[in-house]
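Coordinate analysis (summary)
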Amino acid sequence: MSSQLMLAFLLFSTSIAITPGAGNIALLGLSSRYGFTATLPFISGNAFGIIIVLGGSSVGLVGLFTLYPELYTILKYAGAAYLLFMAWSIANMQIEESSTDNRSGFLSGVLVQVLNPKGWIASLTVFSQFITPNADYMIQVVTIIAGMLITGIPCMLVWAYCGTMLKKLLQSPKQMMVVNRCLGGSLALVVAFMLYQPA
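Notes on the structure in this doc start here. (Residues numbered from 1 in each chain as written. Predicted model: local features only at pLDDT ≥ 70, side-chain atom pairs only at ≥ 80, totals over all residues. Heavy atoms only, no water.)

**What about the packing of helix α3 (residues 40-58) against helix α8 (residues 137-169)?**
Each pair of packed helices can be described by the angle between their axes along with the distance between the axes. Heads up, the rule is: Throughout, an axis means a line fitted to C-alpha atoms (over the contacting stretch in the case of helices), and angles, computed between N-to-C directions, take values from 0 to 180 degrees. Going along the chain from the N terminus, every DSSP run of H or I of four or more residues is numbered as a helix, and every run of E of two or more is numbered as a strand. Each angle is binned into one of four classes, with values under 35 degrees roughly parallel, values over 145 roughly antiparallel, values of 65 to 115 roughly perpendicular, and all other values oblique. Left-handed is the label given to a crossing in which the near helix is rotated counterclockwise from the far helix by less than a right angle, and right-handed is the label when the rotation is clockwise. Here a residue-residue contact requires only that any non-hydrogen atoms of the pair lie within 4.5 Å. Amino acids outside the nonpolar list (Ala, Val, Leu, Ile, Met, Phe, Trp, Tyr, Cys, Pro) and the charged list (Asp, Glu, Lys, Arg) are all regarded as polar, and Gly is one of them.
At a minimum axis distance of 10 Å, the contact between α3 and α8 shows a crossing angle of 155 degrees. Taken together, α3 and α8 sit at an angle that is classed as roughly antiparallel. Here α3 runs over α8; the crossing is right-handed. In contact with Leu40, Ile43, Asn46, Ala47, Ile50, Ile51, Leu54, Gly55 and Ser58 of α3, α8 contributes Tyr137, Val141, Ile144, Ile145, Met148, Leu149, Ile153, Met156, Leu157 and Ala160. Across the contact of α3 with α8, the residue classes break down as 16 nonpolar, three polar and no charged.

As structure tokens, then:
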């Protein structure tokens, strides 16, 4: 990958990673409830989900969505259902502290990535725009996955930090409840937007 193409890729991956989407809104809600450290498993799962999606795309799984559109539809609705469950969970988080009620786990992070059909389509864009035919394919795939992780993890950490700061600004359980409802509603709106978009 040329230095110009690498710079374009890093700008692209940073812009995708920092903008509000299902994963970042969920992360904001989780960190505002549980704190920064408790969201690290979710962030790790999210990063692992990125590896799964990009790795799967690199071996042609996105082609299956073209060949069998019903697979895309199933993924779209399964992902929407899971994200709506997360939105409901965030909106209805209990205000009282509880060490046993922690929904910010590794598996949740993985599922947010893997069940997001737009992530699979975006990965197709990454490979179609940033892979060059005259270079080693596997080296380029590893470079792209590493670049997405190098830009994505710090952006997720920023979102987690913002959620933690939000928690410190809130002075009462009622304020926290309003914020939880807003974050859950925002995630539900992201899901509605995803469902509204054509395949």
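**Brief notes about the side chain of Asn46**
Considering the arrangement of structural elements, one finds Asn46 in helix α3. Among all residues touching Asn46, those that are not within four sequence positions of it are Gly23, Gly109, Val110, Val112, Gln113 and Met156.

**Some points on the layout of surface pockets**
Where we set the bar: Every definition here rests on a 1 Å grid over the protein atoms only: cavities are sets of points where a 1.4 Å probe fits but cannot get out, pockets are open sets enclosed by protein on both sides within 12 Å along at least five of seven lines, and lining residues have some atom within 4 Å of a point. Grid points are joined across faces, edges and corners, and a volume is the space filled by probe spheres set on the points.
There is about 730 Å³ of room inside the largest pocket. Taken together, 28 residues line the largest pocket, and the ones lying closest to its centre are Ile16, Gly21, Gln113, Asn116 and Gly119. Broken down by secondary-structure element, the contributors of at least two residues to the lining of the largest pocket are α1 (3-18), α2 (22-34), α3, α6 (106-114), α7 (117-130), α8 and α9 (173-196). At five residues, α7 tops the list of elements feeding residues into the lining of the largest pocket. For the lining of the largest pocket, a count of residues per class yields 15 nonpolar, twelve polar and one charged.

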